[in-house]
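Survey of secondary and tertiary structure
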Amino acid sequence: MSATGGARPSGPRPARVVAADTRDVRFPTSRELDGSDAMNPDPDYSAAYLTLRTDAADGAEGHGFVFTIGRGNDVQVAAIEALLPYVVGRDADALCADPGALYRELTGDSQLRWLGPEKGVMHMAIGAVVNAVWDLAARRAGKPLWQLLADAEPEWLVSQVDFRYLTDALTPGDALRLLRRGKEGAHTRAQVLRERGYPAYTTSPGWLGYSDEKLTRLARQAVAEGFTQIKLKVGADLDDDIRRLRAARAAVGPDIRIAIDANQRWDVGEAVEWTRALAGSGPYWIEEPTSPDDILGHAAVRAAVAPVKVATGEHAHNRVMFKQLLQARAVDVLQLDAARVGGVNENLAILLLAAYHGVPVCPHAGGVGLCELVQHLAMFDYVALSGTTEDRVIEYVDHLHEHFTDPVRITGGHYAAPTAPGFSSQMRPAALAQYGYPHGAFWTADRAAAGAAAIAVDRRAARASGRPGIPAPRRPPHGTPHPPATEGEA
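Quick caveat, the model's predicted, so the values are computed rather than measured.

What follows is about the pairing of strand β5 (residues 198–206). Taken across its nine residues, β5 has nine buried, putting it largely inside the fold. The sheet contact formed by β5 and strand β13 (residues 414–415) spans two bridges and is antiparallel. From the neighbouring strand, Y198 faces β13, where its bridge partner is Y415. Examined bridge by bridge, β5 and strand β11 (residues 394–396) share three bridges and lie parallel to one another. Across the sheet, the residue bridging to A200 is I394, located in β11. Looking at chain direction, β5 and strand β6 (residues 229–233) are connected through two bridges and run parallel. By the bridge assignment for β6, T202 is matched with I230. For the crossover that starts at β5, traverses helix α10 (residues 212–224) and ends in the parallel β6, the hand is right-handed.

Structurally, A259 is set in strand β7 (residues 257–261). Measuring from C-alpha to C-alpha, the distance between A259 and G206 comes to 9.7 Å, with 53 residues separating the pair along the chain. Leave out the neighbours within four places in its chain, and A259 touches Q229, I230, K231, L232, Y284 and W285.

Contact geometry for α10 and helix α11 (residues 238–252): axes closest at 9 Å, N-to-C directions at 35°. In this structure, the crossing between α10 and α11 has a hand that is right-handed. On α11, the residues touching D212, L215, T216, A219, R220 and V223 of α10 are R243, R244, A247, A248, A251 and V252. When the residues that make up the contact of α10 with α11 are grouped by side-chain class, the tally is seven nonpolar, one polar and four charged.

This part is about helix α9 (residues 186–196). Given 3.6 residues per turn, any residue in an α-helix points the same way as the ones three and four places further on. When α9 is considered as a whole, its buried residues turn out to be A186, R189, A190 and L193. The buried side chains of α9 occupy one side of the element, clustering within an arc of 105° when seen end-on. Those residues of α9 that are exposed and angled more than 90 degrees off the buried face are H187, T188, E195 and R196. For α9, the elements touching its buried residues are α6 (145–151), α8 (172–183), β5 and α16 (370–384).

Ranked by internal contacts, the top residues of the largest apolar core, which has 146 residues, are I80, I286, L334, F380, V383 and Y415. When near neighbours in sequence (up to four residues on either side) are disregarded, I80 contacts T22, A48, L50, V66, A125, A128 and V129. One finds Y201, Y284, W285 and C362 within the second-largest nonpolar core, a separate group that totals eight residues.

With respect to the helices, strands and loops of the structure, A304 is situated in helix α13 (residues 295–305). Between the alpha carbons of A304 and E184 there is a distance of 39 Å; along the sequence they are 120 residues apart.

Topologically, K233 is positioned in strand β6. Polar contacts involving the side chain of K233 include one to the side chain of N263, which spans 3.2 Å.

Counted according to the given criterion, the structure contains 13 aromatic pairs. A centroid spacing of 4.9 Å and a plane angle of 85° characterise the contact between Y45 and F67, whose relative ring orientation is edge-to-face. Of this pair, Y45 sits in the loop between β2 (17–26) and β3 (46–54) while F67 sits in strand β4 (residues 61–68), placing them 22 residues apart in sequence. Of the residues examined, Y45 reaches a relative accessible area of 6% and is grouped as buried. Overall, the relative accessible area of 16% leaves F67 in the buried class. The side chain of R26 reaches across the aromatic face of Y437, ending 3.9 Å from its centre. One cation-aromatic arrangement involves K214 over Y210; the distance from NZ or CZ to the ring centre is 3.9 Å.

The omega torsion of the bond from G116 to P117 falls at -10°, within 30 degrees of zero and hence cis. Here P117 is to be found in the loop between α4 (110–113) and α5 (120–141). The amide bond that connects A306 to the next residue, P307, takes the cis arrangement and shows omega of 15°. Looking at where P307 falls in the secondary structure, it is placed in the loop between α13 and β9 (309–312). Of note in this structure, E118 is not a glycine but carries a positive phi near 55°. Looking at the secondary structure, you find E118 in the loop between α4 and α5. In the Ramachandran plot, L400 falls in the positive-phi region, its phi being about 75° despite a non-glycine side chain. For L400, the position within the fold is in the loop between β11 and β12 (410–411).

Each value, and the rule that gives it
Numbers given for residues are sequential positions, taken from 1 along each chain in its written order. Predicted model: local features are reported for residues with pLDDT of at least 70 only, side-chain atom pairs are reported and counted for 80 or more only, and whole-chain, interface and lining totals are derived from all residues. Only heavy atoms go into the side-chain values, all of them from the structure, while hydrogens and water stay out. Relative accessibility thresholds used throughout: buried, under 20% of the residue-type maximum; exposed, over 50%; partly exposed, between the two (1.4 Å probe, protein chains only). The secondary structure listing takes helices from DSSP runs of H or I that are at least 4 residues long and strands from runs of E that are at least 2 residues long, numbered from the N terminus. Strands qualify as paired when DSSP identifies two bridges or more between them. If the strands point away from the viewer and the path from the first strand over the helix to the second runs clockwise, then the crossover is right-handed. Whether two residues touch is decided by their heavy atoms; if any such pair falls within 4.5 Å, the residues are in contact. Note on geometry: axes are lines fitted to C-alpha atoms, helical ones only across the stretch in contact, with angles between N-to-C directions running from 0 to 180 degrees. By convention the crossing between two helices is left-handed if the near helix lies anticlockwise of the far one by an angle smaller than a right angle, and right-handed if it lies clockwise. Charged means Asp, Glu, Lys or Arg here, nonpolar means Ala, Val, Leu, Ile, Met, Phe, Trp, Tyr, Cys or Pro, and polar covers whatever is left, Gly included. Each C-beta atom gives one direction from the helix axis, and the arc is the one those directions make. Nonpolar core, defined: a set of buried Ala, Val, Leu, Ile, Met, Phe, Trp, Tyr and Cys residues in which side-chain atoms within 4.5 Å join the residues together. Throughout this description, a polar contact denotes any pair of N or O atoms lying within 3.5 Å of each other; where both atoms belong to protein, one of them has to be capable of donating a hydrogen while the other can accept it, and for residues adjacent in sequence the pair is counted only when both atoms sit in side chains. Aromatic rings from Phe, Tyr and Trp, taking only the six-membered ring of Trp, are treated as a pair when their centres fall within 6.5 Å; an angle between ring planes under 30 degrees marks them as stacked, one over 60 as edge-to-face, and anything in between as tilted. Any Lys NZ or Arg CZ found within 6 Å of a ring centre and within 35 degrees of that ring's normal is scored as a charge over the ring.

Next up, the structure:
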């Protein structure tokens, strides 16, 4: 769908955001069990996708999205559309000069805020809009986002952070000192980043639906490709987890880190018992062992399962939750997500909190486009904030990158530093046309094939039973269910 800001008046004036287009984009990943885990056994990786269009002479655009796993992606699109009046018709230069002002406007809308506040579908929609503005700003500056952030003055970066609710854990003065210190040696670190890249780990071998043979093969392949850490999904069946973790350890040897991820499956006591039962294979961290909202529960698990580390954060819905996780000493590894919170501005706050409390950040990725986004945040952190990659890795999952115009590049187990201007968030037009839901070419053909198959089955059943007629087509048993056909694009 599209919102427009009206016709352009005559005479010279600053570039404006003249339109905002949204798309519901879904990929049928559930059919190969890509992305499967104990809590989400059949995800269809999806994106609620936004394009901001300007009337600038260079045709500059900004792209942002929210990652979901299928049903409900249309709800996420609707939430983004509710925010478009805040950007359509605005001065593009002013937006790019101060994304923090837009962030505060969006989080401050008193009526929409009631739906959070600052959490859930509306807050994720804010992240998509804010990230699209950052993409536009980086494109207009001619820099990849990580470099735009690393080159920025510390005072300006501090102005982009909303410190409301944070000052008992981090003040603007604290943040300014961290960023000024981060400037020391930043040029050298940027050169190292361009030469070596940023360390990655891969979850690709460890999806819960994969066979032991596939797990073992992909784990060995990951080591051969230079990864020094892999991750396995756990939490559905303890005996299966013990067997799979032993198989993975045998495949990669003693020196490769193996993280395990329960995806919120357990109560606190169960998390402790299950993690201890898996400890014999030397897991490096246990990720999301219990409810992502249970800060004290994570603290209890951390105290009980050491030296196995506790990692969480991909479902922490705002900077306040991260503040409390750090204050409660509930995590050893902080896992921010580029599309869960309110965009780059809120992730700047989270990175500053982590740096101040001395906790390493290992971003959550995978999904649709999350690898493309979080690499920029981690690389900024290395170059101009924490100044280190020690015990820091970015998650990598090897699927769906081909649908982006500037996909991630992995070399020797490292993310190569992006060089193209922007946030690496633009999807290819062909991908939007193919996988737009429900009227994209893939889903249209899929519906037709499912309907034909259902009719054939019913015809055979009718012939066998001697009853006449052809019942209406039934919904296919796998993947995203299909709504009735409607006019227009999703």
